[in-house]
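As a plain string of letters, each chain reads:
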Amino acid sequence: MNLVLFGPPGAGKGTQAKKLCAERGFVQLSTGEMLRAAIAGGSELGERVHGIMASGALVSDGIVNELIDGAMDSNPRASGFIFDGFPRTIPQAEALDALLGNRGQAVDLVLSLEVDNEALLARIAERFAREGRPDDNPEAFRVRLVKYQEQTAPLLPFYEAQGKVVRVNGMAPVEMVTEGISAALRQTVKMRAQNAK
Ligand code: AMP
(Lines give C-alpha, C1' and ligand atoms only; values in the text may rest on other atoms or scores of the structure.)
Protein backbone atom coordinates (compact mmCIF):
# COMPACT_ATOMS: atom_id res chain seq x y z
CA MET A 1 0.00 0.00 0.00
CA ASN A 2 1.52 3.28 -1.07
CA LEU A 3 -0.17 6.37 0.27
CA VAL A 4 0.63 9.96 -0.63
CA LEU A 5 -0.33 12.40 2.11
CA PHE A 6 -1.07 15.58 0.28
CA GLY A 7 -1.75 19.09 1.52
CA PRO A 8 -0.22 22.49 2.21
CA PRO A 9 2.47 23.01 4.85
CA GLY A 10 0.79 22.86 8.24
CA ALA A 11 -2.08 20.63 7.09
CA GLY A 12 -1.11 17.90 9.56
CA LYS A 13 0.58 15.45 7.18
CA GLY A 14 3.42 14.63 9.59
CA THR A 15 1.07 14.11 12.55
CA GLN A 16 -1.17 11.76 10.58
CA ALA A 17 1.76 9.89 9.01
CA LYS A 18 3.22 9.15 12.44
CA LYS A 19 -0.10 7.85 13.74
CA LEU A 20 -0.56 5.59 10.71
CA CYS A 21 2.96 4.21 11.10
CA ALA A 22 2.44 3.46 14.78
CA GLU A 23 -0.92 1.78 14.11
CA ARG A 24 -0.25 -0.06 10.85
CA GLY A 25 3.48 -0.60 10.49
CA PHE A 26 3.79 1.65 7.47
CA VAL A 27 7.06 3.46 6.88
CA GLN A 28 6.88 7.26 6.70
CA LEU A 29 9.05 8.82 4.03
CA SER A 30 9.23 12.56 4.73
CA THR A 31 11.65 14.40 2.48
CA GLY A 32 11.45 17.43 4.80
CA GLU A 33 12.62 15.30 7.75
CA MET A 34 15.38 13.69 5.66
CA LEU A 35 16.62 17.13 4.59
CA ARG A 36 16.48 18.49 8.16
CA ALA A 37 18.48 15.43 9.31
CA ALA A 38 21.08 16.16 6.61
CA ILE A 39 21.37 19.74 7.87
CA ALA A 40 21.59 18.64 11.52
CA GLY A 41 24.25 16.07 10.59
CA GLY A 42 26.35 18.73 8.86
CA SER A 43 26.59 16.73 5.63
CA GLU A 44 27.49 18.20 2.27
CA LEU A 45 23.86 17.76 1.20
CA GLY A 46 22.78 19.62 4.33
CA GLU A 47 25.05 22.54 3.48
CA ARG A 48 23.68 22.67 -0.06
CA VAL A 49 20.00 22.76 0.97
CA HIS A 50 20.19 24.78 4.17
CA GLY A 51 19.72 28.24 2.63
CA ILE A 52 17.07 27.11 0.16
CA MET A 53 14.97 25.52 2.90
CA ALA A 54 15.31 28.48 5.26
CA SER A 55 13.96 30.76 2.51
CA GLY A 56 10.88 28.56 2.02
CA ALA A 57 11.78 27.57 -1.55
CA LEU A 58 11.82 24.00 -2.84
CA VAL A 59 15.05 22.05 -3.25
CA SER A 60 15.68 20.45 -6.63
CA ASP A 61 13.67 17.48 -7.85
CA GLY A 62 16.87 15.47 -8.36
CA ILE A 63 17.84 15.74 -4.68
CA VAL A 64 14.50 14.60 -3.26
CA ASN A 65 13.97 11.88 -5.89
CA GLU A 66 17.32 10.39 -4.91
CA LEU A 67 16.46 10.56 -1.19
CA ILE A 68 13.19 8.72 -1.78
CA ASP A 69 14.84 6.06 -3.96
CA GLY A 70 17.46 5.40 -1.25
CA ALA A 71 14.87 5.33 1.54
CA MET A 72 12.75 2.77 -0.32
CA ASP A 73 15.84 0.61 -0.82
CA SER A 74 16.57 0.84 2.90
CA ASN A 75 13.09 -0.49 3.79
CA PRO A 76 12.58 -3.54 1.58
CA ARG A 77 10.16 -5.19 4.00
CA ALA A 78 7.84 -2.24 4.63
CA SER A 79 4.13 -3.15 4.57
CA GLY A 80 3.53 0.20 2.91
CA PHE A 81 4.98 3.64 2.46
CA ILE A 82 3.47 6.94 3.43
CA PHE A 83 4.90 9.71 1.30
CA ASP A 84 4.79 12.89 3.37
CA GLY A 85 5.78 16.11 1.62
CA PHE A 86 6.71 14.21 -1.53
CA PRO A 87 5.93 14.53 -4.40
CA ARG A 88 5.70 18.33 -4.52
CA THR A 89 6.03 18.89 -8.28
CA ILE A 90 4.75 17.09 -11.38
CA PRO A 91 8.28 15.85 -12.28
CA GLN A 92 8.55 14.40 -8.75
CA ALA A 93 5.20 12.64 -9.19
CA GLU A 94 6.42 11.19 -12.47
CA ALA A 95 9.67 10.10 -10.82
CA LEU A 96 7.69 8.45 -8.00
CA ASP A 97 5.61 6.51 -10.54
CA ALA A 98 8.83 5.29 -12.14
CA LEU A 99 10.50 4.42 -8.81
CA LEU A 100 7.45 2.44 -7.69
CA GLY A 101 6.98 0.93 -11.15
CA ASN A 102 10.54 -0.44 -11.02
CA ARG A 103 9.50 -2.26 -7.86
CA GLY A 104 6.24 -3.59 -9.32
CA GLN A 105 4.19 -1.08 -7.31
CA ALA A 106 2.17 2.11 -7.79
CA VAL A 107 0.64 4.97 -5.82
CA ASP A 108 -2.56 3.45 -4.42
CA LEU A 109 -4.16 6.41 -2.69
CA VAL A 110 -3.66 10.16 -2.44
CA LEU A 111 -5.15 11.69 0.69
CA SER A 112 -5.69 15.39 0.40
CA LEU A 113 -5.86 17.14 3.78
CA GLU A 114 -7.93 20.26 3.26
CA VAL A 115 -7.21 23.20 5.56
CA ASP A 116 -7.94 26.87 4.87
CA ASN A 117 -5.17 29.47 4.77
CA GLU A 118 -6.23 31.24 7.95
CA ALA A 119 -5.98 28.04 9.98
CA LEU A 120 -2.61 27.21 8.38
CA LEU A 121 -1.19 30.60 9.36
CA ALA A 122 -2.40 30.17 12.95
CA ARG A 123 -0.99 26.62 13.21
CA ILE A 124 2.39 27.57 11.81
CA ALA A 125 2.68 30.67 14.01
CA GLU A 126 2.08 28.38 16.98
CA ARG A 127 4.64 25.80 15.76
CA PHE A 128 7.19 28.57 15.17
CA ALA A 129 6.74 29.76 18.76
CA ARG A 130 7.05 26.17 20.04
CA GLU A 131 9.81 24.68 17.85
CA GLY A 132 11.50 27.63 16.17
CA ARG A 133 11.83 25.92 12.77
CA PRO A 134 13.51 28.57 10.59
CA ASP A 135 11.18 28.05 7.63
CA ASP A 136 8.12 28.54 9.88
CA ASN A 137 8.95 32.24 10.30
CA PRO A 138 6.18 34.37 8.74
CA GLU A 139 8.23 35.47 5.71
CA ALA A 140 9.47 31.98 4.78
CA PHE A 141 6.05 30.52 5.45
CA ARG A 142 4.45 32.91 2.96
CA VAL A 143 6.97 31.71 0.35
CA ARG A 144 6.11 28.08 1.19
CA LEU A 145 2.41 28.76 0.65
CA VAL A 146 3.10 30.43 -2.71
CA LYS A 147 5.31 27.51 -3.80
CA TYR A 148 2.57 25.15 -2.73
CA GLN A 149 -0.02 26.96 -4.86
CA GLU A 150 2.27 27.28 -7.86
CA GLN A 151 4.07 23.95 -7.94
CA THR A 152 2.33 21.44 -5.68
CA ALA A 153 -1.41 22.15 -6.02
CA PRO A 154 -1.34 21.07 -9.73
CA LEU A 155 -0.62 17.54 -8.50
CA LEU A 156 -4.19 17.21 -7.33
CA PRO A 157 -5.71 17.23 -10.85
CA PHE A 158 -2.81 14.97 -11.93
CA TYR A 159 -3.87 12.32 -9.40
CA GLU A 160 -7.59 13.05 -9.74
CA ALA A 161 -7.34 12.10 -13.40
CA GLN A 162 -6.15 8.70 -12.15
CA GLY A 163 -9.07 8.42 -9.69
CA LYS A 164 -6.73 8.21 -6.71
CA VAL A 165 -7.71 11.23 -4.61
CA VAL A 166 -9.77 11.20 -1.42
CA ARG A 167 -10.33 14.55 0.31
CA VAL A 168 -10.38 14.69 4.09
CA ASN A 169 -11.35 17.70 6.19
CA GLY A 170 -8.04 18.56 7.86
CA MET A 171 -9.73 21.14 10.12
CA ALA A 172 -11.51 18.40 12.08
CA PRO A 173 -10.01 17.12 15.36
CA VAL A 174 -6.92 14.93 14.86
CA GLU A 175 -8.76 11.69 15.74
CA MET A 176 -11.51 12.40 13.23
CA VAL A 177 -8.96 13.10 10.51
CA THR A 178 -7.29 9.78 11.31
CA GLU A 179 -10.66 8.05 11.09
CA GLY A 180 -11.32 9.64 7.69
CA ILE A 181 -7.95 8.40 6.46
CA SER A 182 -8.56 4.92 7.87
CA ALA A 183 -11.92 4.71 6.08
CA ALA A 184 -10.26 5.66 2.78
CA LEU A 185 -7.53 3.07 3.36
CA ARG A 186 -10.10 0.33 4.08
CA GLN A 187 -11.92 1.20 0.86
CA THR A 188 -8.66 1.11 -1.12
CA VAL A 189 -7.68 -2.27 0.32
CA LYS A 190 -11.13 -3.63 -0.60
CA MET A 191 -10.90 -2.32 -4.14
CA ARG A 192 -7.39 -3.70 -4.57
CA ALA A 193 -8.60 -7.14 -3.45
CA GLN A 194 -11.51 -6.97 -5.90
CA ASN A 195 -9.25 -5.93 -8.77
CA ALA A 196 -6.86 -8.77 -7.97
CA LYS A 197 -9.63 -11.37 -8.43
P1 AMP B 1 8.32 19.91 4.97
O2 AMP B 1 8.89 19.44 6.25
O3 AMP B 1 7.72 18.80 4.15
O4 AMP B 1 7.38 21.07 5.13
O5 AMP B 1 9.54 20.45 4.09
C6 AMP B 1 10.36 21.52 4.55
C7 AMP B 1 11.17 22.08 3.39
O8 AMP B 1 12.01 21.06 2.85
C9 AMP B 1 10.36 22.57 2.18
O10 AMP B 1 9.88 23.90 2.36
C11 AMP B 1 11.40 22.49 1.08
O12 AMP B 1 12.36 23.51 1.16
C13 AMP B 1 12.10 21.17 1.42
N14 AMP B 1 11.41 20.02 0.83
C15 AMP B 1 10.82 18.99 1.50
N16 AMP B 1 10.29 18.11 0.65
C17 AMP B 1 10.52 18.59 -0.59
C18 AMP B 1 10.18 18.15 -1.90
N19 AMP B 1 9.48 17.02 -2.09
N20 AMP B 1 10.59 18.90 -2.96
C21 AMP B 1 11.30 20.02 -2.78
N22 AMP B 1 11.63 20.52 -1.57
C23 AMP B 1 11.26 19.81 -0.48
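1. Structural notes on the sheet that holds strand β5 (residues 165-169)
Okay, so step 1: Taking strand neighbours across the sheet as the criterion, the 5 strands line up as β2-β3-β1-β4-β5 in an open arrangement whose pairing is parallel. Looking at strand neighbours, the two that pair on one side only are β2 (27-30) and β5, the edges of this open sheet. Recorded for the sheet is a direction-independent mean angle of 25° between the axes of neighbouring strands.
Okay, so step 2: Pairing analysis gives 4 bridges linking strand β1 (residues 2-6) to strand β4 (residues 109-114), with the strands arranged parallel. Its bridge partner lying in β4, L3 is registered against L109.
Okay, so step 3: On the sheet, helix α1 (residues 13-24) packs against β1, β2, β3 (81-84) and β4 and is oriented at approximately 170° with respect to β3.
Okay, so step 4: Helix α9 (residues 174-196) rests against β1, β4 and β5 of the sheet, and its axis sits at about 160° to β4.

2. Examining the site of the ligand
Okay, so step 1: In the vicinity of the ligand there are 16 residues, among which T31, R36, A57, G85 and Q92 approach most closely.
Okay, so step 2: One of the side-chain N or O atoms of T31 is found 2.8 Å from a nitrogen atom in the ligand.
Okay, so step 3: One of the side-chain N or O atoms of R36 is found 2.9 Å from an oxygen atom in the ligand.
Okay, so step 4: Protein burial of the ligand: of its 480 Å² of free accessible surface, 96% is covered by the chains.
Okay, so step 5: Counting residues per element, the shell around the ligand draws most heavily on helix α2 (residues 31-40), at 4 residues.
Okay, so step 6: Taken together, the residues that form the shell around the ligand break down as 7 nonpolar, 4 polar and 5 charged.

3. What to know about the side chain of D108
Okay, so step 1: By secondary structure assignment, the location of D108 is in the loop between α5 (90-102) and β4.
Okay, so step 2: At a separation of 3.0 Å, a polar atom in the side chain of D108 contacts the side chain of R192.
Okay, so step 3: Non-local contacts of D108, meaning those with residues more than four positions away in its chain, are made with M1, N2, K164, T188 and R192.

4. Re the nonpolar core
Okay, so step 1: V4, L29, I68, M72, F83, L96 and Y159 are the most contacted members of the largest nonpolar core, which has 30 residues in total.
Okay, so step 2: For this core, the elements supplying multiple residues, two or more each, are β1, β2, α2, α3 (44-55), α4 (61-74), β3, α5 and α8 (155-160).
Okay, so step 3: Looking at this core, the element that brings in the most residues is α4, giving 5 residues.
Okay, so step 4: The contact partners of I68, leaving out residues within four places of it in the chain, are L29, T31, M34, F83, F86, L96 and L99.

Cut-offs applied
- Residues numbered from 1 in each chain as written.
- Predicted model: local features only at pLDDT ≥ 70, side-chain atom pairs only at ≥ 80, totals over all residues.
- Heavy atoms only, no water.
- Pairing = 2+ DSSP bridges.
- Helix = DSSP H or I, 4+ residues; strand = E, 2+ residues; numbered from the N terminus.
- Axes fitted to C-alpha atoms, helices over the stretch in contact; angles between N-to-C directions.
- Contact = heavy atoms within 4.5 Å.
- Near = heavy atom within 4 Å.
- Polar contact = N/O pair within 3.5 Å; in protein donor to acceptor, adjacent residues only side chain to side chain.
- Areas by Shrake-Rupley, 256 points an atom, 1.4 Å probe, with all protein chains shown as cover.
- Nonpolar A, V, L, I, M, F, W, Y, C, P; charged D, E, K, R; others polar.
- Core = buried A, V, L, I, M, F, W, Y, C linked by side-chain atoms within 4.5 Å.
- Buried < 20%, exposed > 50% of the residue type's maximum accessible area, 1.4 Å probe, protein only.

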